[in-house]
Protein chains: 2
Amino acid sequence: MKIIVDAFGGDNAPLEIIKGCAEAVREYDVDILLTGDEETIRRVAKNHNISLYRMEIVQTNSVITMEDHPGAVLKEKADSSMAEGLRLVSQGKGDAFVSAGNSGALTVGTSMIVRRIKGIKRVAFGAILPTATGNMLLLDSGANAECRADMLHQFAVMGSIYMEKVMGVSTPRIGLANVGEEEHKGSQLYQDTYQLLKADTTLRFVGNVEGRDMPGGVADVIVADGFTGNMILKTYEGVAMYVMKLMKNVFYKNTKNKLAAAVMKKDLGDLKKMMDYNETGGAPIMGALKPVFKAHGSSKANTIKNAIRLTKEYVANNVVEVISKAVPGSRTEQAKAN
Amino acid sequence: MKIIVDAFGGDNAPLEIIKGCAEAVREYDVDILLTGDEETIRRVAKNHNISLYRMEIVQTNSVITMEDHPGAVLKEKADSSMAEGLRLVSQGKGDAFVSAGNSGALTVGTSMIVRRIKGIKRVAFGAILPTATGNMLLLDSGANAECRADMLHQFAVMGSIYMEKVMGVSTPRIGLANVGEEEHKGSQLYQDTYQLLKADTTLRFVGNVEGRDMPGGVADVIVADGFTGNMILKTYEGVAMYVMKLMKNVFYKNTKNKLAAAVMKKDLGDLKKMMDYNETGGAPIMGALKPVFKAHGSSKANTIKNAIRLTKEYVANNVVEVISKAVPGSRTEQAKAN
C-alpha cells in the first residue's frame, strides 16, 4: 500500500512529517510518496538522521499556508504540495492522501480535485475524540458551515460505516448533537435531522446527545453541522487541555506537591496520553472518491504516524466503496445511472 | 431588597432551595419571598432546622417539571410556583426572581409574563464560565435555538453591560464564538454578526473566538446563538467534569496514590472549586423588564445562595434600566414612543 503525504502541511513541517512517515514505514509496512521540495526534504532528513527508505518524492514548488484562502489550492497554489497530493491520489498514484495543512483548502481541494462519491452532497471531517468508553467520531467537525438535514443524515451513515469498518465497533451507536434529549429540541435543522435518523432502520440511532454527556461515551458517532461540530471539537480539546494545565500547575506549585505528583507519574502520564488528540491522528475527510486524511495542524511525528495507520485501515477496509453503496441517495443515483 | 425564589424548582427542591435562601438572608441582608406549598416548606424547614427568618411564603398548588413543555407555565401550570413567581416580580412584589426549574418554561414565562425591555428582540441566558483570567459570560447559552444577527448584536450589548455593572470588569472584551479568527469564517449568521459588532464603536469587540481559546480567557463576553451557546456551555462543563473525574480515579487508584493526593488536598480542592459551575450561581435571563435568574437544575444550597448574591448585584446596579437605554433599537423605540 502506498500513502501520499503532504510533506509541507502543518506547523511542524517538514521535519515532523518526514519523521512520522519513517516511523510508519517501519511499523505499518507501507510505502510513502511525499509531495514537496525535494532538496529541503533530503536535507532535513539527512540533518536529523531520518531514513527515507521506501519513500519517493514528487517535487512541488509552493506551500499552502494557514493564511491562504481555501480556493488557492485550485488557482494560485495549484503547484503546491497539497494540490499535487490531491491530484496524485485522484489519479491512483497512491492509495490515500494525508495532509496536516489548511483545512479549508483541503476540503475544497478534496471536493474539486478528488471529487465526491456519487450521491454524496458534502464531504465531512470526522474527528475522533476520546471518551470514557473508547472513542467517538464527531462529524461534520468543520468542513461545512451550513448544512441541510439530508446532509446530516449522510454524515450519520458515513460515520456508522467508519466506526464499524475502521475502528472495529459493531453496530455503532449514532447520536445527534443537540441541546436536549427530547426530539423537538434544537433548531429546525436538528428537528428535521432527528426524524430522518429515526426513520432510517439501517442505523442504530440513540437520539439526541448533549455536550455534557459526550465525554461519558454515550454514542460512537456524533452527528452535527460543521459549525456546531467544530465548536464542540475545539471546546472539547480546549477545556481538556486547560484542566490538565491547571492540574499541572498544582503539581509544580511547590516541592511538597512535586514529590507527591512524582509518585503518580506513570498514571498521570497515561491519563495525559488518553486526553491527547495527537494520539488519534486526525480526521478522515469522508465522502470523497479516494481516502483523504486531515491531520491536526499541530501534528508531531507521532500524530502523522497514527494518521497513516488510520488511513491504511480506511483503505484496507474499502470504506469508500462501502459508503458509495450505503449512503442514502447514492444507491438510487447509481441505479439511475446504470 | 426582596428576592422572590421558586421553592420548588430544580432537582433538589425544596430542601436545598430553602437552605440556600436562609444562607443568603444571613450573608447578604436580603428578604426572601418563597413560592410553593407552604405546608411542605414549613415541614422541611423544621425537619432540617432551617430558620425561615425574613422569609414570606406565597402558596401555589403545582410544580413545573422537566418533562412539562415550556408553554405549560402559561396554561395548565399557571398556578405553579414558577408562574406565580414570575407574576409577583412583574407586579413589583419583589425586586427579582430566581428559579432552578425548567429552562424552557422559565424563558417562555419570562418573555410572556415579565415581558421584554422595549426594543429587545429576544431574552437570552447569560451563563458564567470559569476561565484562566476570571469569568466569561456566554450568551445566549440556551434561550433561542434560532437567532438573527441583530439579536446577537443585542446580546453583545447586554453582555457588556452585565460584565461591567455586575461583575466589575471595566470595558469588557466582547468575542464572537466562531470556527476561526478571520472575519469571513462561519455561517452567514456569524459573518453578518461580525460586521455588526465591528461597526458598533460602543463595544470593545475583540473578534472571533474559537472554542479552544475560551478557557484561556481571551474575552469577557462570548456571543453566540442559543443552540451553539448551549453546545459550548454543556461541552465546557461536561469535559471539565470528566477530566476532573479521571484525575480523581488516578488519586483513588491505590494506597500509594491516595497518600500522594492527600498531600495536595487543599490545592486540588481549590481547583475543583474553581471548575465547579455551582460556584457561579447560574445565568441571568437578560433583556427582561425585571431581573430573572436561572439557577442550575442541579443547584445545591450554595448555588442558590450565589444566585441570590448575583441577583442582588443585578438589582443594585440597575442593569435593566441601563440595558433599556443602551440596546440598539431600544433608544429609538423609546424616542418614538415619547
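Up top is the structure.
Visitor: Any chance you could explain the sheet that holds strand β10 (residues 221-223) of chain B here in plain terms?
Guide: By definition, the strands of a sheet pair up through backbone hydrogen bonds, in either a parallel or an antiparallel sense. All names here are of chain B. In space, the five strands of this open sheet follow the order β6-β7-β10-β8-β9, with mixed pairing throughout. Each edge of the sheet is formed by a strand with only one pairing partner; in this case those strands are β6 (127-131) and β9 (204-209). Shown here is a sheet whose adjacent strand axes are inclined to one another by a mean of 30°, direction ignored. Taken together, the three bridges between strand β8 (residues 173-177) and β10 define a ladder with parallel strand orientation. Residue I174 lies in a different strand from β10, and its bridge partner there is V221.

Visitor: Even after reading the chapter, I still don't get unusual backbone geometry, so can you show me in this structure?
Guide: The general pattern is negative phi for most residues beyond glycine and trans for most peptide bonds. Residues and elements named next belong to chain A. The omega angle of the peptide bond from L139 to D140 is 5°, so this bond is cis rather than trans. Here D140 shows up in the loop between β7 (134-139) and α5 (149-165). Notably, T171 is not glycine yet its phi reads approximately 35°, a positive angle. For T171, the location among the structural elements is in the loop between α5 and β8 (173-177). Classification of T171 by relative accessible area gives partly exposed; the value is 48%.

Visitor: I would appreciate a short explanation of the packing of aromatic side chains in the present structure.
Guide: Given two aromatic rings, one states the distance between the centres and the angle between the planes to describe the pair. All names here are of chain A. For the structure shown, the criterion picks out eight aromatic pairs over all chains. When the ring of Y194 is compared with that of F205, the centres are 5.1 Å apart and the planes differ by 80°; the resulting orientation is edge-to-face. On the criterion of sequence distance, the pair formed by Y194 in helix α6 (residues 188-199) and F205 in strand β9 (residues 204-209) is long-range, its members being eleven residues apart. With a centroid separation of 6.1 Å and 85° between ring planes, the pair formed by F293 and Y314 is classed as edge-to-face. Here the residue F293 occupies a position in strand β12 (residues 292-295), and Y314 occupies one in helix α10 (residues 301-316), the gap between them amounting to 21 residues. The buried category is assigned to F293, whose relative accessible area is 0%. Accessibility expressed as a relative area gives 2% for Y314, which makes it buried. These aromatic residues form a ring-pair network of at least three members: Y162, F293 and Y314.

Conventions and cut-offs
Residues numbered from 1 in each chain as written. Chains lettered and ligands numbered in written order. Predicted model: local features only at pLDDT ≥ 70, side-chain atom pairs only at ≥ 80, totals over all residues. Heavy atoms only, no water. Pairing = 2+ DSSP bridges. Helix = DSSP H or I, 4+ residues; strand = E, 2+ residues; numbered from the N terminus. Axes fitted to C-alpha atoms, helices over the stretch in contact; angles between N-to-C directions. Buried < 20%, exposed > 50% of the residue type's maximum accessible area, 1.4 Å probe, protein only. Phe/Tyr/Trp six-rings, centres within 6.5 Å; stacked < 30°, edge-to-face > 60°.

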